Amino acid sequence: MFFGTFEHSLDAKNRLFVPKKFLEAIDSESERQSFYVVKGFERCLFLYCKSTWFQLVKHIREQSNLGDPNARNFARLFFPTAEAVSCDKQRRVVIPDALKRYAGLDREVVVLGVDERMEIWDRRSWAEFNESQDKGLDQYAFEVLGTRPEPGATPPKG
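Residues numbered from 1 in each chain as written. Predicted model: local features only at pLDDT ≥ 70, side-chain atom pairs only at ≥ 80, totals over all residues. Heavy atoms only, no water.

### Points about the overall build of the protein chain
Counting secondary structure elements, the protein chain contains six helices and eight strands. Beginning at the N terminus, the succession of helices and strands in the protein chain can be written as β-β-α-β-β-α-α-β-β-α-β-β-α-α. Radius of gyration (C-alpha) of the protein chain: 17 Å, near the 15 Å computed for a compact globule of 158 residues. Here the C-alpha coordinates of the protein chain stretch approximately 45 × 40 × 30 Å along the principal axes. Looking at the 158 residues of the protein chain, the share that counts as buried comes to 34%. Long-range pairs, those at least 24 residues apart, make up 58% of the contacts in the protein chain between residues at least 6 apart in sequence. For the protein chain, the computed accessible surface area is about 10200 Å², with 52% contributed by carbon and sulfur atoms. Side chains of the protein chain carry 24 positive and 24 negative charges; the gap between the two charge centres is 6 Å. (Helix = DSSP H or I, 4+ residues; strand = E, 2+ residues; numbered from the N terminus. Rg over C-alpha atoms; globule rule 2.2 N^0.38 Å. Buried < 20%, exposed > 50% of the residue type's maximum accessible area, 1.4 Å probe, protein only. Contact = heavy atoms within 4.5 Å. Areas by Shrake-Rupley, 256 points an atom, 1.4 Å probe, with all protein chains shown as cover. Lys, Arg positive; Asp, Glu negative; His and termini not counted. Charge placed at Lys NZ, Arg CZ, Asp CG, Glu CD.)

This is the structure we're talking about:
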């Protein structure tokens, strides 16, 4: 599980540091060495560990119906953008140019831990996304989970 928000910079070769905290959350040394990066939603990138990526692929296969044009279009728009990337000894992965353009990544980026995946956002886009949310955490919790946080609970910042 990944959680937290980290600000980093892309270098001139499009390399991005994977937060140390995220790498420490991965049990297997081999899992720390390779990832899959793919177009995400809201113009961010999703970064998956190899095993989680293959679980996701399996889930999509099981849930998809080849006869459904939406399923075919999703597969056409999602899978061709996926790229395997290696993590070097300095904890960096290279963000492919096409994905960098898609997400509008400039030099300053934010890496988020979102449960089983990491998200990579342009820092400005992430700030705009946060400001655009007209619902609070408690309203999303109610709509998604059918519950509200306990009275007096302070919602996480971020």
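### Overview of the packing of aromatic side chains
Think of a pair of aromatic rings as described by two things: how far the centres are apart, and how the planes are tilted against each other in angle. The full count for this structure, using the stated rule, is 14 aromatic pairs. Between Trp 126 and Phe 129, the aromatic rings sit 5.7 Å apart at their centres with planes inclined by 20°, giving stacked as the arrangement. Of this pair, Trp 126 and Phe 129 both sit in helix α5 (residues 123-132), three residues apart, which is roughly one turn of that helix. The class for Trp 126 is buried, based on a relative accessible area of 14%. An aromatic cluster of three or more residues is present, and its members are Tyr 36, Phe 41, Phe 46, Tyr 48, Trp 53, Phe 54, Phe 74, Phe 78 and Phe 79. Here the basic side chain of Arg 43 rests over the ring of Tyr 102, its NZ or CZ set 4.7 Å away from the ring centre. Positioned above the aromatic ring of Phe 46 is the side chain of Arg 117, whose terminal nitrogen or guanidinium carbon lies 4.3 Å from the ring centre. (Phe/Tyr/Trp six-rings, centres within 6.5 Å; stacked < 30°, edge-to-face > 60°. Lys NZ or Arg CZ within 6 Å of the ring centre and 35° of its normal.)

### Examining the pattern of salt bridges
Tallied over the entire structure, the rule returns ten salt bridges. Between Glu 29 and Arg 32 there is a salt bridge whose closest N-O contact spans 2.7 Å. Arg 32 gets classed as partly exposed once you look at its relative accessible area, which sits at 23%. Overlapping salt bridges, with partners in common, bring together Glu 7, Arg 107, Glu 108 and Arg 123 in one network. (Salt bridge = Lys/Arg side-chain N within 4 Å of Asp/Glu carboxyl O.)

### Structural notes on the layout of surface pockets
Space inside the second largest pocket adds up to approximately 170 Å³. Around the second largest pocket sit Met 1, Phe 2, Ala 25, Ile 26, Asp 27, Glu 31, Cys 49, Ser 51, Thr 52, Asp 115 and Glu 116, which together line it. Split into classes, the residues belonging to the lining of the second largest pocket amount to five nonpolar, two polar and four charged. (1 Å grid on protein atoms, 1.4 Å probe; cavity = no way out; pocket = protein on both sides within 12 Å on 5 of 7 lines; lining within 4 Å. Points joined across faces, edges and corners; volume = space filled by probe spheres on them. Nonpolar A, V, L, I, M, F, W, Y, C, P; charged D, E, K, R; others polar.)

### Topic: the nonpolar core
Core analysis: the largest hydrophobic core is formed by 24 residues, its most contacted members being Phe 35, Leu 45, Ile 95, Leu 105, Met 118 and Ile 120. Sorting the residues of this core by element identifies α1 (20-24), β3 (34-39), β4 (45-49), α4 (97-103), β7 (108-115) and β8 (117-122) as the ones contributing at least two each. Setting aside anything within four residues of it in sequence, one finds Ile 120 in contact with Leu 16, Cys 44, Leu 45, Leu 47, Ile 95, Leu 105, Val 109 and Val 110. In terms of nonpolar packing, the next biggest core, distinct from the first, is built from 14 residues, Trp 53, Phe 78, Val 110 and Trp 121 among them. (Core = buried A, V, L, I, M, F, W, Y, C linked by side-chain atoms within 4.5 Å.)

### Some thoughts on the side chain of His 8
By the element assignment, His 8 lies in strand β1 (residues 2-9). Discounting chain neighbours no more than four positions away, the residues touching His 8 are Leu 16, Phe 17, Pro 19, Arg 107, Glu 108, Val 109, Val 111 and Arg 123.

### With respect to the pairing of β7
Bridge count for β1 against β7 is eight bridges, and the pairing is antiparallel. Bridging from a neighbouring strand, Glu 7 pairs with Val 110 of β7. When β7 meets β8, the two strands line up antiparallel, connected through six bridges. Its bridge partner being in β8, Leu 112 is matched across the sheet by Glu 119. What sits between β7 and β8 in their antiparallel hairpin is a turn of one residue. (Pairing = 2+ DSSP bridges.)

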